[in-house]
Amino acid sequence: MTSVFALNVGSALLWGLFATGLLTLLMSASQGLGWSRMSFPYMIGSMFTSHRGRAMGIGFGAHLAFGMSFAVLYALVFESWQWATWWLGGLLGVFHGLFLLAVLMPMLPDLHPRMASTHHGPTPTRQLEPPGFLALNYGRSTPVLTLVGHVVYGVLLGLFYPLGGGGLL
Amino acid sequence: MSGTDDRYVPIEDYAVIGDCASAALVGTDGSIDWLCWPRFDSPSVFAALLDAERGGHFQVRPSREYSVERRYMGDTNVLETTFTTDTGVLRLTDLMPVGPPEAYRRELWPTHEILRRVECVEGTVTVQVVCEPRLEYAQLDPSFDDRGPHGFFYNYDGAVLVVRSEVPLAPSSGQSALHGDQTLRAGDRHFLSLTYDDEAPAVLPLLGDHAQRKLARTINYWRDWAAQCEYEGPYRDAVVRSALTLKLMTFAPSGAIVAAPTTSLPEAIGGERNWDYRYCWLRDAALTLRALYELGYEDEGRAFFSWLLHATRLTAPDLHVMYDVHGNTHLSERTLSHLEGYRASPPVRVGNGAHDQLQLDTYGELISAAYEFVQREHALDDWHRRLLVSLGNEVCARWEEPDEGIWEVRSGRHHHTFSKAMCWVALERLLALHEEGYVSIPADRYRREATKIRAAVDEHGYNEEKESYVATFGGDRLDASLLLLPTYGYEEATSPRMKSTFARIHEELAQNGLLHRYPPDTNDGFTSEEGAFGLCSFWDEEMFARLGRLDEAREKLGETIGYANDLGLFAEEIDPDTGTFLGNFPQAFTHVGLINAAITISKAEEATPLYQHPEPQ
């Protein structure tokens, strides 16, 4: 069994940044093309401020940070399995995406200080449209696009994380 | 020229509301018949204006017969329509919420919203609501998703419409329309809201007291803005209304001003003169800038000038006739044959085929705007200088070419006198800026070309027999644009040539106190007969003032303002026989004309100097 100390944090963060960038690019493209209204930066940033522009800025930074942190988690899984490959990363991405859509999204109105409750109308402090189950409220293609984005994220980490050395090499 | 079709409200019966990025037309029947989101030139959400059956509308009105009065709430763009029935009085307040920048920092705002307040002020009235969006110019029938307390949602193309209402609404059988009826008693007050968001989760609109605060904030925003108007001369109310209308048609993110928020309202009922005006014309750029600065709206003036140069930088040294609000020029024209057109006057066109015409006068108008800007701001960026010089060189190279002219006729290119005179204006303004040290140009070459242009205009643009400047070189037809020659400093209004031109224009173009832009039988590529041009009538009154005929100027200005609708708004054209409106509505340039005519008359009355033009170099 390899110790977690074999974890290459630098590689995880680097490729995590890259993978999150690509995930953000895919989601932004799907918004621009009119396929979905899911905006991770806006949803995260609006937790901190009502100002739309600032929310996008804060949310973009926070999403990158989350993406890099998750990359460390992925790396820990790779290290614990002593194995990393693109499809294993992709499988982790499927789990990650499904968890986000099926568990986190329905919970979001309880966690997000500006999101309207699913059961009550909007209030002066809670006006943001809740995503609903699988985030379907943001467009019918949203679950598929979110899943694809996270699979791509996992595939990239599975593919590139081992290049950075660490216990896997 | 006007037709009757009960399915359509007369153009003058519409009011406009807006949020400085998009606008809606509201009829005296409480129906929003035109709305494009997210910007002025986006596909429509409601288009009953152009097809009463298929277009879609959002109507709030009493269920019984009524008489109607309406007004804007003071100096605002908040509309109040009062319906009086035999059982009571219902008041409908319509607005697109806006606020000062700090308001957008404090709370979440939908990207766009129409807020409607319906209140019973007397007796008992049953109110009837129909909300029937037909998206993408009535090519998409939405199917609303009922999300209970959050309202009705419709997702399309990465955007979402949300309808929330305190009047209970129920979807129609196909879910594509929402209907509601409710009996209100004196003191009852309900809000309805339609919002638009895209590329992100929607911001759900709040009703009740919060909506009331939003209404108050919007009223304050417009009142504060109107209060900055420094004009104190005659017809101040009409000038302030015109300024408010211009502000409403300003696309705030870029500073561009659209010519009108509508497309294809016909210039001749049953004719084919239907154009898309939801773009920004370079024509009148200098006069628009002058109007903004003279009224004291310096921020709007700077933003407009900045848009002018940023937009034209993309195509310089070629200038297009029009640009969209972000400066794009891909405005190719297409016909929406599934819409029957206002009062069955097809075609309905979107985009504008005139965008790639050659209109040489735009060089003079743009460079005059730059000159106007420098006189007020005393500054010019380096890239502004380079851009202006490239435009000047283009004028030197192309002024001898024929063009389509200021009216964008579709009957081919000609040597238009006004276009050539504006080429002279362009070079003269650049020479003046050169003398003042703002640009560096080959002055000798510019002087030579300016002299040649002036000689050509004086020789070929003036018809000795007719004793008048004429529309085209060697021609004998008149054109109201020639009234602008003194405005741009080409010739003094009191010169013999201008005086006789003024007299001829009155003889041949005036009808019932209004002016046609050119003789109605001119071959402009169309057979139908158009109305009188509101803008030209205001140019006429400026000429009276420049000639020192101040009483006539003031009286005629009052007469022309009398053609405005009950809210003080103008369309592009007016039927001189009936006074009904024709063409797109409301029309920014007509309101610019009103403002400039009033300012010119006011200055002349106070004996303060009119706008100073540089001495010819």
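All residue numbers refer to positions counted from 1 along the written sequence of the respective chain. Chains and ligands are labelled sequentially in the order written, the chains with letters from A and the ligands with numbers from 1. Only residues with pLDDT of at least 70 are given local features in this predicted model, and only at 80 or more are side-chain atom pairs given and counted; all residues enter the totals for whole chains, interfaces and linings.

1. So, the interface of chain B and chain A
By the convention adopted here, residues are in contact when the distance between their C-beta atoms, placed from the backbone, does not exceed 7 Å. Contacts between chain B and chain A engage 20 residues on the former and 24 residues on the latter. Looking at the side of chain B that touches chain A, the element that brings in the most residues is helix H1 (residues 101–106) of chain B, giving three residues. Across the side of chain B that touches chain A, the residue classes break down as 10 nonpolar, four polar and six charged. The secondary structure listing takes helices from DSSP runs of H or I that are at least 4 residues long and strands from runs of E that are at least 2 residues long, numbered from the N terminus. Note that Gly is not counted as nonpolar here; it falls among the polar residues with everything else outside the nonpolar set of Ala, Val, Leu, Ile, Met, Phe, Trp, Tyr, Cys and Pro and the charged set of Asp, Glu, Lys and Arg.

2. Structural notes on the confidence of the model for chain B
The share of residues in chain B with pLDDT of 70 or more is 97%, and the mean pLDDT across the chain is 93. Model confidence for the complex is summarised by a pTM of 0.93, with the ipTM given as 0.89. The pLDDT value tells you how sure the predictor is about a given residue, anywhere from 0 up to 100.

3. What to know about the nonpolar core
For our purposes the nonpolar core covers buried Ala, Val, Leu, Ile, Met, Phe, Trp, Tyr and Cys residues that link as a set through C-beta atoms within 7 Å. In this scheme the burial state of a residue depends on its C-beta neighbours within 10 Å: 20 or more other such atoms mean buried, 12 or fewer mean exposed, and anything in between means partly exposed; the C-beta positions come from the backbone. Ala-24, Val-258, Tyr-363, Leu-366, Cys-423 and Ala-480 of chain B are the most contacted members of the largest nonpolar core, which has 213 residues in total. A total of 12 residues in this core trace back to one element, the largest contributor, which is helix H9 (residues 417–435) of chain B. Core analysis: the next-biggest nonpolar cluster, separate from the first, contains 32 residues, Met-38, Phe-70, Leu-100 and Leu-101 of chain A among them.

4. Things to note about helix H11 (residues 496–509) of chain B
All names here are of chain B. For a helix, the expected span equals 1.5 Å multiplied by the residue count minus one. Here H11 contains 14 residues, and its C-alpha end-to-end distance of 20 Å stays within 8% of the 20 Å for a straight helix at 1.5 Å per residue. Turning to H11, its buried residues number three or more, namely Met-498, Thr-501, Phe-502, Ile-505 and Leu-509. One side of H11 holds all its buried residues, which, seen down the axis, span an arc of 105°. Residues of H11 that are exposed and point more than 90 degrees away from the buried face comprise Pro-496, Ala-503 and Glu-507. Those residues of H11 that are buried lie in contact with strand E23 (468–469), strand E24 (510–511), strand E25 (514–515) and helix H12 (534–546). The directions considered for the arc run from the helix axis to the C-beta atoms.

5. Observations regarding the packing of helix H13 (residues 550–561) of chain B against helix H14 (residues 588–605) of chain B
Residue and element names in this part refer to chain B. With axes taken as lines fitted to C-alpha atoms, and helix axes fitted only over the stretch in contact, angles between N-to-C directions fall between 0 and 180 degrees. As a packed pair, H13 and H14 sit with axes 10 Å apart at the nearest point and diverge in direction by 155°. By the criterion of interaxial angle, the relationship of H13 to H14 is roughly antiparallel. As for the relative orientation of H13 and H14, their crossing is left-handed in sense. Across the interface between the two elements, Leu-550, Ala-553, Arg-554, Leu-557 and Ile-561 of H13 pack against Leu-594, Ala-597, Ala-598, Ile-601, Ala-604 and Glu-605 of H14. Here the residues of the contact of H13 with H14 are counted per class, giving nine nonpolar, no polar and two charged. When an angle is under 35 degrees it counts as roughly parallel; over 145 it counts as roughly antiparallel; between 65 and 115 it counts as roughly perpendicular; any other value is oblique. In a left-handed crossing the near helix is turned counterclockwise from the far helix by less than a right angle, and in a right-handed crossing that turn is clockwise.

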